[in-house]
Amino acid sequence: MSGAALLAEALVKAYPRHRALNGVSFSIPPGVCLALLGHNGAGKTTLMKLLLGLTRPTSGRVEVLGEDPLRAPLAFRRQIGFLPEHVIFHDELTGVETLRHYARLKGEDPRRQVALLERVGLSHAADRRVKGYSKGMRQRLGLAQALLGRPRLLLLDEPTTGLDPMLRQEFYRVIQELRAEGVTVMLSSHVLTELEARTDLAMIMEQGSVKAFGTLDALRSQADLPAIFRIRCARARIVAESVGGVVHRLASESALELSVPVRDKMAVLRQLMACGVEIEDLEIQLPTLDDVYAHFGREKDEEEG
């Protein structure tokens with residue numbers, strides 16, 4: 001046992017016409033929230049299937065909660081919650097009947113599941129048939145299903161699809177609570193702005209390989225993307241001339257943008273404070289997860305070019 005919640009070593013999944021995974025390796029400690037990123041076809045869903053033990057790797061090794069998911073006992077599977085991208089339920093069952101059905105399959109007490117519906121904001125619709133649920137309500141019912149039995153690991157594939165902004169906030173509140181309880185979360189999503197402040201690690205996949213892996217700060221450093229300083233002051237031209245070695249754009253006589261290497265941002269701040277011009281407003285925008293993701297995508301295009 002490695003001590004990692006999730007571990008992959010040189011993981012390959014090959015089909016007759018293509019390789020879905022090509023030598024994927026990573027180690028994720030317990031209690032971490034990982035953002036799994038990549039275009040459609042990058043290998044994210046295949047990776048989740050391998051972690052769930054739903055398919056066998058062609059070569060390499062995978063370990064989940066210290067077990068081989070293909071050989072692990074039923075007690076191991078009870079520790080995992082999974083929410084697929086496309087949630088399908090029996091339309092004629094009510095919300096509470098659906099949850100009780102899955103509780104029986106997972107060996108949990110079906111009488112204790114009403115609290116889960118309340119946790120995901122569905123207590124008002126517990127006795128309504130699922131065929132009358134909206135897309136967002138089905139997603140929340142899917143999350144409740146994934147939370148059955150207090151899992152130690154959650155695998156969530158596009159979990160906020162169909163949720164309005166308020167419900168997305170509520171969803172991530174639940175995820176934050178689970179992280180605080182030590183639950184490991186792997187979350188695949190195309191909405192990167194949602195993930196930026198809510199995940200510990202990010203893994204960017206491209207054509208079955210890991211393109212980048214680490215904390216957002218580490219990926220920013222690896223990409224070497226600049227921070228953008230937006231400054232308002234009475235004499236922007238003087239400020240621009242006093243800050244050496246920085247690419248700048250003089251938007252007007254009172255507005256200035258500086259492109260600053262992240263590692264130099266404190267030095268540039270000190271230069272600004274010492275330039276003798278009163279700064280009316282200063283905004284510092286660090287590279288976002290969108291910027292990092294776009295960078296590694298461009299890097300691939302340049303390599304192919």
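This text follows the structure it describes.
Now for a description of the structure that goes with this document. All figures in this text were calculated on a predicted structure; none of them were measured in a lab.

## Some details on the overall build of the chain
Next, step 1: Helix and strand counts for the chain stand at 11 helices and 13 strands.
Next, step 2: C-alpha extents for the chain along the principal axes are approximately 70 × 45 × 35 Å.
Next, step 3: Contacts in the chain between residues at least 24 apart in sequence constitute 67% of all its contacts with a sequence separation of at least 6.
Next, step 4: Surface summary for the chain: the accessible area is close to 15,200 Å², and the carbon and sulfur share equals 50%.
Next, step 5: The positive charge centre, built from 40 side chains, and the negative charge centre, built from 39, are 7 Å apart in the chain.

## Thoughts on the nonpolar core
Next, step 1: Grouped together as the largest cluster of nonpolar side chains are 48 residues, with contacts concentrated most on Leu-37, Leu-154 and Leu-156.
Next, step 2: When residues no more than four places from it in sequence are discounted, the contact partners of Leu-156 are Met-48, Leu-83, Leu-143, Phe-171, Ile-175, Val-185, Met-186, Leu-187 and Ser-188.
Next, step 3: With 29 residues, the next largest nonpolar core counts Ala-5, Val-24, Met-186 and Met-203 among its residues.

## Some points on helix α3 (residues 95-105)
Next, step 1: Within the span of α3, buried status applies to Gly-95, Val-96, Thr-98, Leu-99 and Ala-103. One face of α3 carries all of its buried residues, which in axial projection span an arc of 160 degrees. Turned more than 90 degrees off the buried face of α3, the exposed positions are Arg-104 and Leu-105.
Next, step 2: Structurally, α3 contributes buried residues whose contacts are with α4 (114-119) and α5 (135-146).
Next, step 3: Phi for Gly-107, located one or two positions after α3, is positive at around 75 degrees.

## Some points on the pairing of strand β6 (residues 153-157)
Next, step 1: For β6, the tally of buried residues reaches 5 of 5 residues, placing the bulk of the element in the interior.
Next, step 2: Here β6 shows two buried faces, one formed by Leu-153, Leu-155 and Asp-157 and the other by Leu-154 and Leu-156.
Next, step 3: As judged from the 5 bridges shared by β6 and strand β7 (residues 184-188), these two strands associate in the parallel manner. When the sheet's bridge partners are listed, Asp-157 is paired in β7 with Ser-188.
Next, step 4: Note that the unit made of β6, helix α6 (residues 165-180) and β7 has a crossover that is right-handed.

## Here we look at the sheet that holds strand β1 (residues 6-14)
Next, step 1: Spatially, 3 strands are ordered β2-β1-β4 in an open sheet, and the strand pairing comes out antiparallel. The sheet is open, and its two edges are formed by β2 (19-28) and β4 (59-64), each paired on a single side. When strand polarity is set aside, the average angle formed by the axes of neighbouring strands in this sheet is 20 degrees.
Next, step 2: In this sheet, β4 lies alongside β1 in antiparallel orientation, the contact comprising 5 bridges. Residue pairing in the sheet places Ala-8 in a bridge with Val-62 of β4.

## With respect to the pattern of salt bridges
Next, step 1: Applying the stated rule across the entire model yields 21 salt bridges.
Next, step 2: Across the pair Arg-119 and Glu-181 runs a salt bridge whose closest N-O atoms are separated by 3.9 Å. With Arg-119 in helix α4 and Glu-181 in the loop between α6 and β7, this pair connects stretches of sequence that are 62 residues apart.
Next, step 3: One salt bridge connects Glu-253 with Arg-237, and the closest N-O pair in it is separated by 2.8 Å. Highlighted residues: Glu-253 in the loop between β11 (247-252) and β12 (255-261) and Arg-237 in helix α9 (residues 236-242), separated in sequence by 16 residues.
Next, step 4: What makes Glu-253 partly exposed here is its relative accessible area of 45%.
Next, step 5: Classification of Arg-237 as partly exposed rests on a relative accessible area of 42%.
Next, step 6: Via salt bridges that share partners, Arg-119, Arg-150, Glu-170, Arg-173, Glu-177 and Glu-181 belong to a single interconnected network.

The rules behind the values
Residues numbered from 1 in each chain as written. Predicted model: local features only at pLDDT ≥ 70, side-chain atom pairs only at ≥ 80, totals over all residues. Heavy atoms only, no water. Helix = DSSP H or I, 4+ residues; strand = E, 2+ residues; numbered from the N terminus. Contact = heavy atoms within 4.5 Å. Areas by Shrake-Rupley, 256 points an atom, 1.4 Å probe, with all protein chains shown as cover. Lys, Arg positive; Asp, Glu negative; His and termini not counted. Charge placed at Lys NZ, Arg CZ, Asp CG, Glu CD. Core = buried A, V, L, I, M, F, W, Y, C linked by side-chain atoms within 4.5 Å. Buried < 20%, exposed > 50% of the residue type's maximum accessible area, 1.4 Å probe, protein only. Arc of directions from axis to C-beta. Pairing = 2+ DSSP bridges. Right-handed = clockwise from strand over helix to strand, strands pointing away. Axes fitted to C-alpha atoms, helices over the stretch in contact; angles between N-to-C directions. Salt bridge = Lys/Arg side-chain N within 4 Å of Asp/Glu carboxyl O.

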